[in-house]
Amino acid sequence: MATSKLQALWNHPAGPKTIHFWAPTFKWGISIANIADFSKPPEKLSYPQQIAVTCTGLIWTRYSTVITPKNWNLFSVNVAMAGTGIYQLSRKIRQDYFSEEEAAVAKE
């Protein structure tokens, strides 16, 4: 049973013998790097970089659902990219626009 599932994966149109498998697999490195940056101070984050990560994730998530064959590896990596990008953007926006108001309220 396991052999037939592995053989099916190996021979799938988006399986390991194709670029449709390896490109999203290596793209996980971007999401992992973005997760590693969760510990980085928000002032060190870049708006252009995080907007690019978020938009790439959102656009390619949609694309991965309309192509044939469905590429769930591409879908999952782009959901992760969009999610980490949105989280990083929210951290940056909170630090840039809302931390001053909190500091002013704390002084009163």
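For the structure itself, look to the data block above.
Residues numbered from 1 in each chain as written. Predicted model: local features only at pLDDT ≥ 70, side-chain atom pairs only at ≥ 80, totals over all residues. Heavy atoms only, no water.

A. Structural context of helix α2 (residues 19-36). Here α2 spans 26 Å end to end across 18 residues, near enough to the 26 Å set by a 1.5 Å rise per residue. When α2 is considered as a whole, its buried residues turn out to be F21, P24, K27, S31 and N34. Seen from one end, α2 has its buried residues packed into an arc of 135°, which puts them on one side. For α2, the exposed residues set more than 90 degrees away from the buried face come down to I19, F26, I32 and A36. (Helix = DSSP H or I, 4+ residues; strand = E, 2+ residues; numbered from the N terminus. Expected span 1.5 Å × (residues − 1). Buried < 20%, exposed > 50% of the residue type's maximum accessible area, 1.4 Å probe, protein only. Arc of directions from axis to C-beta.)

B. Main features of the packing of aromatic side chains. Enumeration over the complete set of coordinates arrives at 5 aromatic pairs. For the pair F38 and Y87, a centre-to-centre distance of 4.7 Å together with 70° between the ring planes defines the contact as edge-to-face. Here the residue F38 occupies a position in the loop between α2 and α3 (47-66), and Y87 occupies one in helix α4 (residues 72-107), the gap between them amounting to 49 residues. When the centroid spacing of 5.5 Å and the interplanar angle of 80° are considered together, the rings of W72 and F75 count as edge-to-face. (Phe/Tyr/Trp six-rings, centres within 6.5 Å; stacked < 30°, edge-to-face > 60°.)

C. A look at the side chain of Q88. Summarising the element assignment, Q88 is placed in helix α4. A relative accessible area of 0% places Q88 in the buried class. A polar contact is formed between the side chain of Q88 and the backbone oxygen of D37, at a distance of 3.5 Å. In terms of polar contacts, Q88 uses its side chain to reach the side chain of R91, at 2.7 Å. Ignoring sequence-local partners within four residues, the contact set of Q88 consists of N34, D37, F38, L45 and Q50. (Polar contact = N/O pair within 3.5 Å; in protein donor to acceptor, adjacent residues only side chain to side chain. Contact = heavy atoms within 4.5 Å.)

D. View of the environment of T54. Within the secondary structure, T54 sits in helix α3. When its relative accessible area of 7% is taken as the criterion, T54 is described as buried. Spatially, the C-alpha atom of T54 lies 4.3 Å from that of A82, the residues being 28 residues apart in sequence. Sequence-distant contacts of T54, that is, excluding residues within four places in its chain, are made with M81, A82, G85, I86 and L89. Side-chain polar atoms of T54 contact the backbone oxygen of Q50, separated by 2.8 Å.

E. Focus on the side chain of N78. When you line up the elements, N78 lands in helix α4. Excluding its chain neighbours within four sequence positions, the residues that come into contact with N78 are K27, T56, G57, W60 and T61.

F. A look at the packing of α2 against α3. Packing of α2 against α3 leaves a shortest axis separation of 12 Å and a crossing angle of 135°. In terms of their interaxial angle, α2 and α3 are classed as oblique. Crossing of α2 against α3: the hand is left-handed. Every residue of α3 that contacts α2 at K27, I30 and N34 is listed here: Q50, V53, T56 and W60. (Axes fitted to C-alpha atoms, helices over the stretch in contact; angles between N-to-C directions. Parallel < 35°, antiparallel > 145°, perpendicular 65-115°, else oblique. Left-handed = near helix turned anticlockwise from the far one by under 90°.)

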